[in-house]
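Listed below are the residues making up each chain.
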Amino acid sequence: MGPSSLYIHIPFCIRKCLFCSFVIAVGQEHRREEYVNALVNEMKGHEGKRIKTIYFGGGTPSMLDESHLDVLMKAIRNNFTFPNGIEITLEANPESINRAKAEFLKARGFNRISLGVQSLNDRYLKFLGRGHSASMARDAYRILREAGFTNINLDLMYAFAGQTKEELEQDVRAISAMGSEHLSLYTLTIEPNSRFHAVQMKLDDDEKLAGQYLLTARILNGAGFKQYEVSNFAKPGFESVHNRNYWQGNPYIGLGVGAHGFSGQRRYWNTSNLQDYIKRAGRGDLVMEGLEELTNSQLTMEKILFGLRMNEGVPWNIVPSFKHAKIRAWIRDGFLLLEDGYLKTTDRGRLVLDELSSRLI
Ligand code: SF4
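Residues numbered from 1 in each chain as written. Predicted model: local features only at pLDDT ≥ 70, side-chain atom pairs only at ≥ 80, totals over all residues.

So, about the sheet that holds strand β17 (residues 336-339). Strand order in this open sheet of three strands is β16-β18-β17, and the pairing throughout is antiparallel. Each having just a single partner strand, β16 (314-315) and β17 make up the two edges of the open sheet. In this structure, β17 lies alongside strand β18 (residues 342-345), joined through four bridges in antiparallel fashion. By the bridge assignment for β18, L338 is matched with L343. (Pairing = 2+ DSSP bridges. Helix = DSSP H or I, 4+ residues; strand = E, 2+ residues; numbered from the N terminus.)

Now for the site of the ligand. Every residue near the ligand is listed here: C13, K16, C17, C20, F22, I24, G58, G59, T60, N93 and G116. Its residues assigned to classes, the shell around the ligand comprises five nonpolar, five polar and one charged. (Near = placed C-beta within 6 Å. Nonpolar A, V, L, I, M, F, W, Y, C, P; charged D, E, K, R; others polar.)

Judged by nonpolar contacts, the single largest core of 70 residues is most densely connected at Y7, I8, L39, I113, L115, L144 and L156. Residue contacts for Y7: discarding those within four places in its chain leaves Y55, G57, Y252, I253, G254, L255 and A259. (Core = buried A, V, L, I, M, F, W, Y, C linked by C-beta atoms within 7 Å. Buried ≥ 20, exposed ≤ 12 C-beta atoms within 10 Å, placed from the backbone. Contact = placed C-beta atoms within 7 Å.)

As a further point, take the domain arrangement of the chain. When its domains are assigned, the chain resolves into domain 1 (4-247) and domain 2 (297-360). Taken over C-alpha atoms, the centre of domain 1 sits 28 Å from the centre of domain 2. On the side of domain 2, eight residues touch domain 1, which itself brings eight residues to the contact. Partitioning the side of domain 1 that touches domain 2 into residue classes produces six nonpolar, one polar and one charged. (Domains from an automatic or database assignment.)

What follows covers the pairing of strand β1 (residues 4-10). Extensive coverage of β1 is indicated by the burial of seven of its seven residues. The two faces of β1 match: S4, L6, I8 and I10 on one face and S5, Y7 and H9 on the other face are all buried. Sheet topology places β1 next to strand β4 (residues 49-58); seven bridges connect them, and they run parallel. Residue pairing in the sheet places I10 in a bridge with G58 of β4. Note: β1 against strand β12 (residues 252-255), four bridges, orientation parallel. Each bridged residue has a counterpart across the sheet, and for Y7 the counterpart in β12 is G254.

Structure, rendered in structure tokens:
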């Protein structure tokens, strides 16, 4: 088995954005130190493993202090084996980036920042319950550049109820003009456990969303980005190594509360209760809450579903023959195409990929 990707979940957030349904902890900043110590304990169970990327996701990892990040990076170096220069990403919110933090991150070897901008329209930032304005996002981006970061992802969200074509176009053009190397696109969805769900927020119809998606992809493709996955766009050579690892069905290690991991055959997930996680990991106990052993045919199906998300597609020779008739019908209907031995999703197919995936299983 080759090296894994390493994901570290940092659950802390200042407030809960109205669309968010992630495993997060609001108002728990005082627990950061014990959480970091619990993470270090969990890492010890993986001692000696080889890794190829490191990703701090959240939550808001940039809410950790320099001392916390120092402890974690030292523990990663002590417990895992990895070559110099691997991709090390930290997710950050604009309000938690300042010059000292940015310089510290650069000096400690972080080489990719994923900045949660979401929109450069202050009205929509307020609608989403974000804690920053457009100008704060631009400032954070400039500070990161001045600190020497040459690989920055910006998150862009769209499909807000009532969002006009002009508003979307303005937002996409403004965010792509910032000059980042990577853009991740998020469609606003109403997830259970989110505040939007609690207030029964309604979204615009699917036809409008499909038009917005195609418009966004067209603007980004024309602005020097290349789409390499349904929701991800990069300048040449800046595709996310960490995320591609997930989509290629390779193993990953997940550390922290609610984190998921995959061994190549088994998927596991940790307790999603912060208190429980800190207590168990603090004692050196297992923090795993569930485990699922995947059959070979389940693994193949996952490879196909993830592969169809990426522009490169999946080798036709891994597609089981009993699925051929269904897939050939979708090729005839223009949702998929077969090219040089690879099955790929067309622009039309991307609009209904979730639906195709669920029908394929
Ligand atoms: S969207 Fe991000 S910043 Fe907002 S609450 Fe969720 S994890 Fe925290």
